[in-house]
There are 2 protein chains.
Amino acid sequence: MSHVQSEKNDDFDLQNFLPFLLNQASERASLEFQSVYKGRYGMLRTEWRVLFHLGLFGEMTAKDIGERAKMHKTKISRAVAKLEQRRYLKRTRDEADRRAEWLALTPAGQTVYRDLRNVAANYDARLSSLFNEEEAALLRHMLQRLAGLD
Amino acid sequence: MSHVQSEKNDDFDLQNFLPFLLNQASERASLEFQSVYKGRYGMLRTEWRVLFHLGLFGEMTAKDIGERAKMHKTKISRAVAKLEQRRYLKRTRDEADRRAEWLALTPAGQTVYRDLRNVAANYDARLSSLFNEEEAALLRHMLQRLAGLD
DNA sequence: GCTTGTTAGTTACAAAATCAACTATTACTC
DNA sequence: GAGTAATAGTTGATTTTGTAACTAACAAGC
């Protein structure tokens, strides 16, 4: 095991740099949950996100999902194709505006969604339990501000 | 937040799901900062991370960096090659264990590091200013716990 | 109507991340 | 000390993402 030089060259503290901290926390949180949707259903993060949005909000267009999840349209296009291919969702052309299509989960997709939603809720509760109620609420609030969601 | 389960469009709240929130906040924070090291020096996130670790901690091996930054060794290997090619770092074989090599910034690399460190510090201050001192400290503390860094 | 501009979504190609296999060296075991 | 396992780091193949160009449909101005 090699030895890390411990004298600091300056006073900048990487362990407290917010983008770094956010990234580390985010990676860790995503990774653990990822193993569930990947292991159980062979899904990627993009596919899980699309599935969740449809499960939560019902019918949406790809554009709607992109705006909500801040995902690029090519990612969504590919995720939708994959989910359709696995018969988790169906597309319906919008007859009023034939460029757009409405996406909705099939019964099979809804089953998968409900399963993952439960895992997600439990996982979220586990993460939250690292803090007391007040702290957890404040954390969510601060993250929403940082994310520009408030 | 409601605790009542309903069947259709249920009460699971994606906007409050921690992995999602962490991801959104992290992406936003990284993206803005990325434009600096990418625009100014054409660096990738992996390269910036390696540079920062070396700037902060002085000489390290690739393995050390991997453990600190939780980056996979292939990412590091490629980032190191790129930084070396740009003459931002030099490698020195460890004569006691000839498998390992010590990495250190060149003067040119240190100049780049100092520039980016200043930008980073300013950016961090700007993010932190969204909250009061107490909140910001708590946020960092909570993120460290979530990241498993404490 | 026709031209021009915009939007929803897809596709092709390039860049990057991931995973597995590889080399070289050191450590362990008998 | 020979043989096997483990470790530092690299390389190549595959998968995923990002960027730009594309198709098809609508919209607005004239």
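Residues numbered from 1 in each chain as written. Chains lettered and ligands numbered in written order. Predicted model: local features only at pLDDT ≥ 70, side-chain atom pairs only at ≥ 80, totals over all residues. Heavy atoms only, no water.

Engineer: Describe in detail the packing of aromatic side chains, supporting the description with residues and values.
Structural biologist: Inspection of the entire model under this criterion finds 20 aromatic pairs over all chains. Arranged with centres 6.1 Å apart and planes meeting at 5°, the rings of Phe33 of chain A and Tyr123 of chain A form a pair that is stacked. Residue Phe33 of chain A is located in helix H1 (residues 18-41), and its partner Tyr123 of chain A is located in helix H5 (residues 107-128); the two are separated by 90 residues in the primary sequence. Accessibility expressed as a relative area gives 3% for Phe33 of chain A, which makes it buried. Given the relative accessible area of 6%, Tyr123 of chain A is considered buried. Ring centres of Tyr37 of chain A and Trp48 of chain A lie 5.4 Å apart, and the angle between their planes is 5°; on these two criteria the pair is classed as stacked. A residue pair is termed long-range when its members are at least 10 positions apart, and Tyr37 of chain A in helix H1 and Trp48 of chain A in helix H2 (residues 45-57) qualify at 11 residues. An identical accessibility class is assigned to Tyr37 of chain A and Trp48 of chain A; each is buried. Through a chain of ring-to-ring contacts, three or more aromatic side chains come together here, namely Phe12 and Phe17 of chain A together with Phe33, Tyr37, Trp48, Phe52, Tyr113 and Tyr123 of chain B. Here the basic side chain of Arg68 of chain A rests over the ring of Phe57 of chain A, its NZ or CZ set 4.1 Å away from the ring centre. (Phe/Tyr/Trp six-rings, centres within 6.5 Å; stacked < 30°, edge-to-face > 60°. Helix = DSSP H or I, 4+ residues; strand = E, 2+ residues; numbered from the N terminus. Buried < 20%, exposed > 50% of the residue type's maximum accessible area, 1.4 Å probe, protein only. Lys NZ or Arg CZ within 6 Å of the ring centre and 35° of its normal.)

Engineer: Let's hear about the protein's contact with DNA strand D: which residues, and what values?
Structural biologist: Taken together, 20 residues sit near DNA strand D, with Arg78 of chain A together with Lys63, Ser77, Arg78 and Arg91 of chain B positioned nearest. In the interface set of DNA strand D, defined as its atoms within 4 Å of the protein, sugar plus phosphate atoms amount to 53%. Lys75 of chain A is positioned such that a nitrogen or oxygen atom in its side chain is 3.4 Å from a phosphate oxygen of DNA strand D. (Near = heavy atom within 4 Å. Polar contact = N/O pair within 3.5 Å; in protein donor to acceptor, adjacent residues only side chain to side chain.)

Engineer: Please provide a residue-by-residue account of empty space enclosed by the protein, values included.
Structural biologist: Rolled over the atoms, a probe sized like a water molecule indicates the empty space that remains. Overall, the coordinates contain two cavities of 30 Å³ or more when judged by the stated rule. By volume, the largest cavity is sized at about 80 Å³. For the largest cavity, the full set of lining residues is Pro19, Phe20 and Asn23 of chain A together with Ser30, Phe33, Gln34, Tyr37, Arg45, Trp48 and Arg49 of chain B. If one sorts the elements of the lining of the largest cavity by residue count, helix H1 (residues 18-41) of chain B sits on top with four residues. Looking at side-chain class alone, the lining of the largest cavity contains five nonpolar, three polar and two charged residues. Approximately 70 Å³ is the volume attributed to the second largest cavity. Forming the boundary of the second largest cavity are Ser30, Phe33, Gln34, Tyr37, Arg45, Trp48 and Arg49 of chain A together with Pro19, Phe20 and Asn23 of chain B. Contributions of two or more residues to the lining of the second largest cavity are made by H1 and H2 of chain A together with H1 of chain B. Here the lining of the second largest cavity gets four residues from one element, more than from any other, and that element is H1 of chain A. (1 Å grid on protein atoms, 1.4 Å probe; cavity = no way out; pocket = protein on both sides within 12 Å on 5 of 7 lines; lining within 4 Å. Points joined across faces, edges and corners; volume = space filled by probe spheres on them. Nonpolar A, V, L, I, M, F, W, Y, C, P; charged D, E, K, R; others polar.)

Engineer: Before we move on, can you summarise the packing of H1 of chain B against helix H5 (residues 107-128) of chain B with the specific residues and values?
Structural biologist: Residue and element names in this part refer to chain B. The geometry of H1 relative to H5 is characterised by a closest axis approach of 11 Å and an angle of 155° between their N-to-C directions. On the basis of their axis angle, the class for H1 and H5 is roughly antiparallel. Judged by the twist between their axes, the crossing of H1 over H5 is right-handed. Where H1 abuts H5, its residues Arg28, Ala29, Glu32, Phe33, Val36, Tyr37, Arg40 and Tyr41 lie against Val112, Asp115, Leu116, Val119, Ala120, Tyr123, Arg126 and Leu127. (Axes fitted to C-alpha atoms, helices over the stretch in contact; angles between N-to-C directions. Parallel < 35°, antiparallel > 145°, perpendicular 65-115°, else oblique. Left-handed = near helix turned anticlockwise from the far one by under 90°. Contact = heavy atoms within 4.5 Å.)

Engineer: Quick one: what's the story with the protein's contact with DNA strand C, residue by residue and with numbers?
Structural biologist: Around DNA strand C sit 20 residues, and of these Lys63, Ser77, Arg78 and Arg91 of chain A together with Lys75 of chain B come closest. Considering the 4 Å shell around the protein, atoms of DNA strand C inside it are sugar or phosphate in 62% of instances. The contact in question runs from a phosphate oxygen of DNA strand C to an N or O atom on the backbone of Lys63 of chain A, over 2.7 Å. Interatomic distance of 2.7 Å between a side-chain N/O atom of Arg78 of chain A and a base nitrogen of DNA strand C. Sorting the residues of the surface near DNA strand C by element identifies helix H3 (62-69) and helix H4 (73-85) of chain A together with helix H4 (73-85) of chain B as the ones contributing at least two each. When residues of the surface near DNA strand C are assigned to their parent elements, the largest contribution, four residues, is made by H4 of chain A. Taken together, the residues of the surface near DNA strand C break down into four nonpolar, four polar and 12 charged.

Engineer: Quick rundown of the relation of the copies chain A and chain B? Include the residues and the values.
Structural biologist: Turning chain A through 180° and shifting it by 0.0 Å along the axis lays it on chain B, with an RMSD of 0.1 Å. What the rotation and shift describe, once combined, is the action of a two-fold rotation axis. An overlap of 90% is found between the interface residues of chain A and their copies at the interface of chain B, pointing to a shared contact surface. (Least-squares fit on C-alpha atoms with pLDDT ≥ 70 in both.)

Engineer: Account for the interface of chain A and chain B, naming residues and giving values.
Structural biologist: Facing the 61 residues of chain A at the interface are 63 residues of chain B. Interface area for chain A against chain B, summed over the two sides, is near 6100 Å², with a carbon-plus-sulfur share of 66%. Three residues stand out in chain A for area buried against chain B, namely Phe12, Leu56 and Leu146 of chain A, and they jointly supply 10% of the buried area on that side. Summed over the shared surface of chain A and chain B, the number is zero salt bridges. Our count for the chain A to chain B interface comes out at 14 residue pairs in polar contact (both at pLDDT 80 or more). Secondary-structure elements contributing two or more residues to the side of chain A that touches chain B are H1, H2, H3, H5 and helix H6 (133-147) of chain A. Counting residues per element, the side of chain A that touches chain B draws most heavily on H1 of chain A, which supplies 13 residues. Here the side of chain A that touches chain B is composed, by residue class, of 32 nonpolar, 16 polar and 13 charged. (Buried area = accessible area lost by both parts, 1.4 Å probe. Salt bridge = Lys/Arg side-chain N within 4 Å of Asp/Glu carboxyl O.)

In short, shape yes, function no, at least from these values alone.
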